[in-house]
Amino acid sequence: MDKKDISLNISLVVPVFNESDTVGVFIDKIEDLFKSETLISIEFIFVNDGSTDNTLEQLLEYQKGKHHLKIIDLSRNFGKEAALTAGLQAATGDVIVPIDVDLQDPPEVIFDMVAKWREGYEVVLGRRVNRDSDSWAKRSSANWFYRIHNKISDPKLPENVGDFRLMGRKVVEALNKLPESRRFMKGLFAWVGFRTDHVEYARAERVAGETKFSGWRLWNFALEGITSFSTDPLRIWTYLGVLVSLCSFVFAVIIVLKVLLLGTDVPGYASLMVAITFLGGLQLIGIGVLGEYLGRAYIESKRRPIFLVRHVYEPEI
Ligand code: UDP
Ligand code: MG
């Protein structure tokens, strides 16, 4: 069927964590943007990710004001990835768009995404053409992360693409079937595949409030990404081990020859210390990497739920 003029229900999946400054602005902006659209209806799925301010109360106020929004209240802060998962599971729309509440993902872009979807694409990525709104440190670390990740992981992550994207129902159903409890959504999005195109947009500044991702949190997030989609960091130790053994073998031959030809050589304290500390360090790093994976396998093996819901507030209309 031609998708050009069929009516369309869009689910906006919005994780919120201490966003009392932004939820109101966000809802007003979206309603304003879509009010004259006759073919498009919007379903808001807010996931309250353990906010400690009055984000939930504000959302409930809006819901009472006859706005069509569903609120999933998680029992604590489970992190954006888990909150997104909760939202995707609850979304009923024909197409689903995860979007940040701080308006850094400009909602106008959704129209371009829908146009692409109507052309037949099942996933339409939002690609940032500028990262001016991010700090230098965040930009360059993101750059490094993508480089390393894409060298060793399969599938590759598209660069400058966040969670902001449009996905058809089938894509989200596929995502919902993935069983893992540690969820690196960008990787999972890429893993499910489907016919994909992108639209470009300029990433805006946060309208209000502050970012929830500190440097340390981003670092852990990057580790999560790499260890979720590649076992190369484990494998590298085999090769490194072979290389170091070869070197020490050559070194041993040199020492033996030297002793045979030139007699006993007492000095060697420095080279001994270097070898001991170098190898000790190398082994510790190796054990650390092993531990990282073992830890993840351990947590995964517990099969705990990804999130817990305190209450779901269904829309009143
Ligand atoms: N968020 C969340 N749980 C968290 C951290 C963030 O649901 O533990 C939400 C947050 O409310 C926002 C989105 O994820 O809607 C993006 O967060 P933020 O703007 O802080 O990240 P940044 O844009 O700086 O990467
Ligand atoms: Mg933001």
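Report follows, based on the coordinates. Keep in mind the model is a prediction, meaning the values are calculated, not measured.

1. Some details on the packing of helix 1 (residues 23-34) against helix 2 (residues 55-64)
Contact pair helix 1 / helix 2: the axes reach a minimum separation of 10 Å and the direction vectors enclose 30°. Here helix 1 is positioned roughly parallel relative to helix 2, judged by the angle of their axes. Pair helix 1 / helix 2 crosses with right-handed handedness. Contact with helix 1, carried on its side by V23, G24, I27 and D28, involves T55, Q58, L59 and Y62 of helix 2 and no other residues of that element.

2. Some remarks on the pattern of salt bridges
Where charged atoms of side chains with opposite charge meet at close range, the side chains can pair. Overall, the coordinates contain 15 salt bridges when judged by the stated rule. One salt bridge in this structure joins K70 and E314, with 3.6 Å as the shortest N-O distance. With K70 in strand 3 (residues 69-74) and E314 in the segment after strand 8 (309-313), the pair connects residues that are 244 residues apart, well separated along the chain. Of the charged contacts in the structure, one is a salt bridge between K80 and D100, with a shortest N-O distance of 2.9 Å. Placement of the pair is K80 in helix 3 (residues 80-90) and D100 in the loop between strand 4 (95-98) and helix 4 (109-119), with a sequence separation of 20 residues. Residue class for D100 comes out buried when judged on its relative accessible area of 16%. Taken together, the salt bridges that share partners define one network made up of K80, D100, D105, D163, K186 and R203.

3. Quick look at the sheet that holds strand 3
Two modes of strand pairing occur in sheets, parallel and antiparallel, and in both the strands are linked by backbone hydrogen bonds. One open sheet holds the eight strands; their spatial order is 7-5-6-4-1-2-3-8, and the pairing between them is mixed. Each of the sheet's edge strands pairs with one partner strand only, and the pair in question is strand 7 (196-202) and strand 8. Between one strand and the next, the sheet's axes are offset by a mean angle of 20°, whatever the strand orientation. Bridge analysis of strand 5 (residues 123-130) against strand 6 (residues 161-168) gives four bridges, and the strand direction is antiparallel. Bridge pairing in strand 6 links R127 to V161. This element, helix 4, spans strand 1 (8-16), strand 2 (40-48), strand 4, strand 5, strand 6 and strand 7 of the sheet and lies at about 45° to strand 6.

4. Structural notes on the site of ligand 1
The full set close to ligand 1 counts 19 residues, and E19, D49, D102, T211 and K212 are the nearest of them. V101 is positioned such that a nitrogen or oxygen atom in its backbone is 3.3 Å from an oxygen atom of ligand 1. Taking Q104, its side chain carries an N or O atom lying 2.7 Å from an oxygen atom of ligand 1. Its free accessible area being 530 Å², ligand 1 has 94% of it covered by the protein chains. Class assignment of the residues belonging to the shell around ligand 1 gives a composition of five nonpolar, four polar and 10 charged.

5. So, the environment of F26
As for its position among the elements, F26 is in helix 1. Its relative accessible area of 0% is what places F26 among the buried residues. A C-alpha to C-alpha distance of 9.0 Å links F26 and V207, two positions 181 residues apart in sequence.

6. Quick word on the nonpolar core
The biggest cluster of nonpolar side chains holds 36 residues, and the ones touching the most others in it are V13, L74, L88, F145, M167 and L175. Considering each element in turn, this core owes the most residues, six residues, to helix 3. Filtering out sequence-adjacent residues up to four positions away, V13 remains in contact with I45, L84, G87, L88, A91, I96, V97, P98 and I99. If you look at the next biggest cluster of nonpolar residues, it comprises 34 residues, including L8, V14, I110 and Y201.

7. Remarks on helix 7 (residues 185-192)
Judged by how many residues are buried, helix 7 sits mostly within the fold: six of eight residues are covered. Buried residues along helix 7 sit in contact with helix 3, strand 4, helix 5 (136-152), strand 6, helix 6 (169-177) and helix 8 (215-229). Looking one or two residues past helix 7, G193 carries a phi angle of roughly 75°, positive in sign.

Thresholds applied
Residues numbered from 1 in each chain as written. Chains lettered and ligands numbered in written order. Predicted model: local features only at pLDDT ≥ 70, side-chain atom pairs only at ≥ 80, totals over all residues. Heavy atoms only, no water. Axes fitted to C-alpha atoms, helices over the stretch in contact; angles between N-to-C directions. Helix = DSSP H or I, 4+ residues; strand = E, 2+ residues; numbered from the N terminus. Parallel < 35°, antiparallel > 145°, perpendicular 65-115°, else oblique. Left-handed = near helix turned anticlockwise from the far one by under 90°. Contact = heavy atoms within 4.5 Å. Salt bridge = Lys/Arg side-chain N within 4 Å of Asp/Glu carboxyl O. Buried < 20%, exposed > 50% of the residue type's maximum accessible area, 1.4 Å probe, protein only. Pairing = 2+ DSSP bridges. Near = heavy atom within 4 Å. Polar contact = N/O pair within 3.5 Å; in protein donor to acceptor, adjacent residues only side chain to side chain. Areas by Shrake-Rupley, 256 points an atom, 1.4 Å probe, with all protein chains shown as cover. Nonpolar A, V, L, I, M, F, W, Y, C, P; charged D, E, K, R; others polar. Core = buried A, V, L, I, M, F, W, Y, C linked by side-chain atoms within 4.5 Å.

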